[in-house]
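# Structure at a glance
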2 protein chains.
Amino acid sequence: MARPPLTRDEVLAAAAALVKEHGPQALTMRGLAAELGTAVTSIYWHVGNRESLLDALVERTVADLGEIRPRGATPQERVVSVARTLRRQLRDRPHLVAMVHERGLTERMFLPAQQALVHEVHAAGLRGTRAAEAVRAVQFQVVGHVLVERNRERAPVQRPGEEDLWGAPDTAAEDDRALARALAAPVDPERLFTTSVRALVNSLLASGT
Amino acid sequence: MARPPLTRDEVLAAAAALVKEHGPQALTMRGLAAELGTAVTSIYWHVGNRESLLDALVERTVADLGEIRPRGATPQERVVSVARTLRRQLRDRPHLVAMVHERGLTERMFLPAQQALVHEVHAAGLRGTRAAEAVRAVQFQVVGHVLVERNRERAPVQRPGEEDLWGAPDTAAEDDRALARALAAPVDPERLFTTSVRALVNSLLASGT
DNA sequence: ACCTGAACACCGTTCAAGT
DNA sequence: ACCTGAACACCGTTCAAGT
């Protein structure tokens, strides 16, 4: 009744499944061993230790991140489309993105998108330092937005929430009920993301033409 | 030789010191007890458990976050100054910001800044939904940037780094050596931050005048 | 080359018992 | 009201011993 010999790939696959479903804190060496039907110590032979297991996981999924195909008529539109695609890719793998982030591989993960951005910014007429700054501004903007967004989802109930904070009178917005109401309403992240990126991109690319 | 009776404040202070110095993972109940010269279980009497201890710590430091005084002649400048002040405040407490973030209290922490932003955006002529969107765009931008920045600092050595990635020929930037060089150079986060915020703010506030 | 159980040094938390 | 040690159920990791 002995199981077939354990392989490194098998370990990685099981670990990836655990992380994808329940997050990295759910990946314990003992739990993983139970999942695989082996002794805990066998895992150590194949992957070294927990730390390098996570490293391998992150490595593997960074490599999995797909190509980015810019869409749209103008460089502005294409940059925005790259940003939106990237946001979607990151949002699809919340736990893994967090792990990539923690391990400082955000840079690497972002490379395909960065190359696309370089191309578009160049097409918009930006050169040299200015172009590099525009690319990085967009890069920081997208990654930052996704991080903030994830945080909001993980902590859906704020105490007190913006509703309470802005529902009360005697605030700076008291003479603008529409503003107060808008701030009390929940954020629409998709919309806010697009608005922000568009605003940033319009401003950054304006200096190229 | 008995120590004076333990107080909740004493526990919080010692815990805060540990976290500030070495991060939350360095805060173990046993280590804290050793620091305080009591039994581990005494701590439980005062703060419940580790989770609510961290909650209390976060609560306390969110309350500590100071006022924000906008500076500058135009609303644009004042919004940028708010953003820069906020960035500095967040950067001064890296571990605690991360904890606030993890606990989903980013909203609350951001409130003083948000009120200042509302005031400035209003002064710039924005109203209602539009004003709210501008405020939130800046908010997300700042918090996101700080998060990305922190990540970069924690993982100073990227493998491979952007230098290697952009130093090689045959990239999209191969006809623009200045661009390739700029992307291979390390990021100046302060400068990038100011550039980005300025670009975003200019674009957002333009529609108000 | 690959797997194993025992053991070590850690965790957070509970609880009955003290004063 | 406050403190204590013992105990429980977890961790990750090492290592000598097996095949």
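In this text the structure is predicted, and so the values were computed from the model without any measurement. (Residues numbered from 1 in each chain as written. Chains lettered and ligands numbered in written order. Predicted model: local features only at pLDDT ≥ 70, side-chain atom pairs only at ≥ 80, totals over all residues. Heavy atoms only, no water.)

### Digging into the interface of chain A and chain B
Operational definition: Contact criterion: two residues are considered in contact whenever any of their non-hydrogen atoms come within 4.5 Å of each other. Salt bridges are defined by distance alone: a side-chain nitrogen of Lys or Arg within 4 Å of a carboxyl oxygen of Asp or Glu. Whenever a nitrogen or oxygen atom comes within 3.5 Å of another N or O atom, the pair is scored as a polar contact, on the condition that within protein one atom can donate a hydrogen and the other can accept it, and that pairs from neighbouring residues in sequence are kept only if both atoms are in side chains. Where helices and strands are cited, they refer to DSSP runs of H or I of at least four residues and of E of at least two residues respectively, numbered from the N terminus.
Opposite the 60 residues of chain A that make contact, chain B presents 59 residues. Remark: the boundary between chain A and chain B carries two salt bridges. In this structure, A:E133 and B:R191 form a salt bridge, with 2.9 Å as the shortest nitrogen-oxygen distance. For the pair chain A and chain B, the number of links is ten residue pairs in polar contact (both at pLDDT 80 or more). Those elements giving two or more residues to the side of chain A that touches chain B turn out to be α6 (94–102), α7 (106–109), α8 (111–123), α9 (128–154), α10 (162–167), α11 (177–184) and α12 (189–206) of chain A. Examining the composition of the side of chain A that touches chain B, we find that 19 residues originate from one element, α9(A), more than from any other.

### With respect to the packing of helix α5 (residues 75–92) of chain A against α8(A)
All names here are of chain A. Quick reminder of the rule: All axes are obtained by fitting lines to C-alpha atoms, using only the stretch in contact for helices, and the reported angles, taken between N-to-C directions, cover 0 to 180 degrees. Each angle gets one of four labels, with under 35 degrees taken as roughly parallel, over 145 as roughly antiparallel, 65 to 115 as roughly perpendicular, and the rest as oblique. Amino acids are sorted into nonpolar (Ala, Val, Leu, Ile, Met, Phe, Trp, Tyr, Cys and Pro), charged (Asp, Glu, Lys and Arg) and polar (every other residue, Gly among them).
For the pair α5 and α8, interaxial distance at closest approach is 9 Å and the crossing angle is 170 degrees. Looking at the two axes, α5 sits roughly antiparallel to α8. Between α5 and α8, the contacting residues are P75, R78, V79, V82 and L86 on the first element and A113, A116, L117, E120 and A123 on the second. Class assignment for the residues of the contact of α5 with α8 results in eight nonpolar, no polar and two charged.

### Topic: the relation of the copies chain A and chain B
Rules: Copies are brought into register by a least-squares superposition over C-alpha atoms of residues with pLDDT of at least 70 in both.
Here chain A sits on chain B after a turn of 180 degrees about the axis and a move of 0.0 Å along it, with an RMSD of 0.0 Å. Here the symmetry operator amounts to a two-fold rotation axis. Measuring from the rotation axis to each C-alpha of chain A, the shortest distance belongs to A:G144, at 1.7 Å.

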